[in-house]
Amino acid sequence: MGKERRNIIAGLTVLSIVLLWGMGWFGNAGGRDRQWGSFLGSSPAGGKSLSSGHGQASGELEFSDGDQAGEELPLPQGQTGDKAPLSRGFVALTFDDGPHPVYTLRLLEGLKERGVPATFFLIGQNIDGNEEVIRKMKEDGHLIGNHSQNHMRLTKERAGEVCEQISRTNEKIREITGEVPEYVRPPYGSWSEELECLVPMKVVLWNLDTLDWKTQNKDKIVRHVMSHVEDGSVILLHDVYDTSVEAALEIVDRLLEEGYNFVTVDEMIID
């Protein structure tokens, strides 16, 4: 009787083992952990973490090796996907002497395609007849500044003439955009402390001069910028030359590839 009882117990034990094996309690512990890890959003074993899968429907998750906890840095402008470079810093594209009815419009279209903002310092005498170009400039989110009425060397002019040069251009821009410019770039970078008292505007100069007006050579302009650009560069160009516009768009493409972000000058000025 004792032997039969032992045989029954042994048989039940084997049956229990078989049932537990089929339910996954033996030989698949890692599988249980992964199943519950996915559901709870906890990190599974093996040094991996949960992350949203690219191209997956909302709420789906995948495991990715080497993910680090914490906030992800934003990708540089124009960059998407896993292989986008880390940001190398910020640069500001600035354009003087416009607007031009052909070249400025071509530039605006190229910048819009790339999602890149810029700053334009306008000459008052070039505004007349180009109002639609300036409206588009404003609508596209670019910063508009003052470059005087007639591109005069302001430090050589009388106080009254300086004020007239600035105020006339400000008023023209206000009539088109509804806003009075806050920033002025004096022609030739010619400015003085005396003028600061006369003109209550923020002066914006530059630290990377492309000399595009002098060379009017796209390749030379691009090479010069690419060899001198760095974080914090304020790049001086002129949107009244075809070569400058072509160079500007190539510069944008190449700097985006290198991980730079573009901003308007007001985002770089520290009071």
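Scroll up to find the structure this text is about.
Quick caveat: nothing in here was measured; it's all calculated off a predicted structure. Position numbers for residues count from 1 along each chain, tracking the sequence in the order it is written. Given that the model is predicted, a residue must reach a pLDDT of at least 70 before its local features are reported, and side-chain atom pairs must reach 80 or more before they are shown or counted; all residues, however, enter totals for whole chains, interfaces and linings. Based on all heavy atoms of the structure, the side-chain values leave hydrogens and waters out of the count.

Caption draft 1: Unusual backbone geometry, seen in detail. Between G98 and P99 the backbone carries a cis peptide bond, its omega angle lying at 5°. Helix numbers and strand numbers start at the N terminus; a helix is a DSSP run of H or I with at least 4 residues, a strand a run of E with at least 2. One can find P99 in the loop between β3 (89-96) and α3 (103-114). The phi torsion at Q216 lies on the positive side, around 45°, for a residue other than glycine. Relative to the assigned elements, Q216 resides in the loop between α8 (212-215) and α9 (218-228).

Caption draft 2: The nonpolar core, seen in detail. Among the nonpolar cores identified, the biggest contains 35 residues, and L93, L111, F120 and L255 are the most heavily contacted of them. Here a residue-residue contact requires only that any non-hydrogen atoms of the pair lie within 4.5 Å. Filtering out sequence-adjacent residues up to four positions away, L255 remains in contact with V91, M226, V229, I235, Y260 and F262. Among buried residues, those of type Ala, Val, Leu, Ile, Met, Phe, Trp, Tyr and Cys that are joined through side-chain atoms within 4.5 Å constitute a nonpolar core. Buried means the residue's accessible area, taken with a 1.4 Å probe over protein chains only, is under 20% of the maximum for its type, while exposed means over 50%, and partly exposed covers the values in between. Of all hydrophobic cores here, the second largest spans eight residues; its members include I166, V184, W191 and V199.

Caption draft 3: Fine view of the side chain of S244. Relative to the assigned elements, S244 resides in helix α10 (residues 242-258). Two N or O atoms form a polar contact when they lie within 3.5 Å of each other; inside protein one atom must be a possible hydrogen donor and the other a possible acceptor, and for residues adjacent in sequence the pair counts only when both atoms belong to side chains. A polar contact of 2.7 Å, which involves the side chain of S244, links it to the side chain of D212. Ignoring sequence-local partners within four residues, the contact set of S244 consists of D212, I221 and H238.

Caption draft 4: Here's a closer look at the side chain of Q165. Tracing the chain through its elements places Q165 in helix α6 (residues 159-177). Residue classification places Q165 among the buried residues on the basis of a relative accessible area of 1%. Residues within four places of Q165 in sequence aside, it is in contact with S148, Q149, N150, H151, M152 and L154.

Caption draft 5: Representation of the environment of K112. With respect to the secondary-structure elements, K112 resides in helix α3. By relative accessible area, which is 55% here, K112 ends up exposed. Taking C-alpha positions, K112 is 9.4 Å from G141, a pair spaced 29 residues apart along the chain. With near-sequence residues (within four places) excluded, K112 lies in contact with K136 and D140.

Caption draft 6: Seen up close, the packing of α9 against α10. Every angle, taken between N-to-C directions, lies between 0 and 180 degrees, and every axis is a line fitted to C-alpha atoms, over only the stretch in contact when it is a helix. In the contact formed by α9 and α10, the axes pass within 9 Å of each other and the chain directions differ by 35°. Along this stretch, α9 crosses α10, giving a crossing that reads as right-handed. Contacts from K218, I221, V222, V225 and M226 in α9 reach T243, S244, E246, A247, E250, I251, R254, L255 and E258 in α10. In this classification, Asp, Glu, Lys and Arg are treated as charged, Ala, Val, Leu, Ile, Met, Phe, Trp, Tyr, Cys and Pro as nonpolar, and every other residue, Gly included, as polar. Residue composition of the contact of α9 with α10, by class: seven nonpolar, two polar and five charged. Crossings are classed by handedness, with left-handed meaning an anticlockwise turn of the near helix from the far one by less than a right angle and right-handed meaning a clockwise turn.

Treat this as a map of the structure, not an account of what it does.
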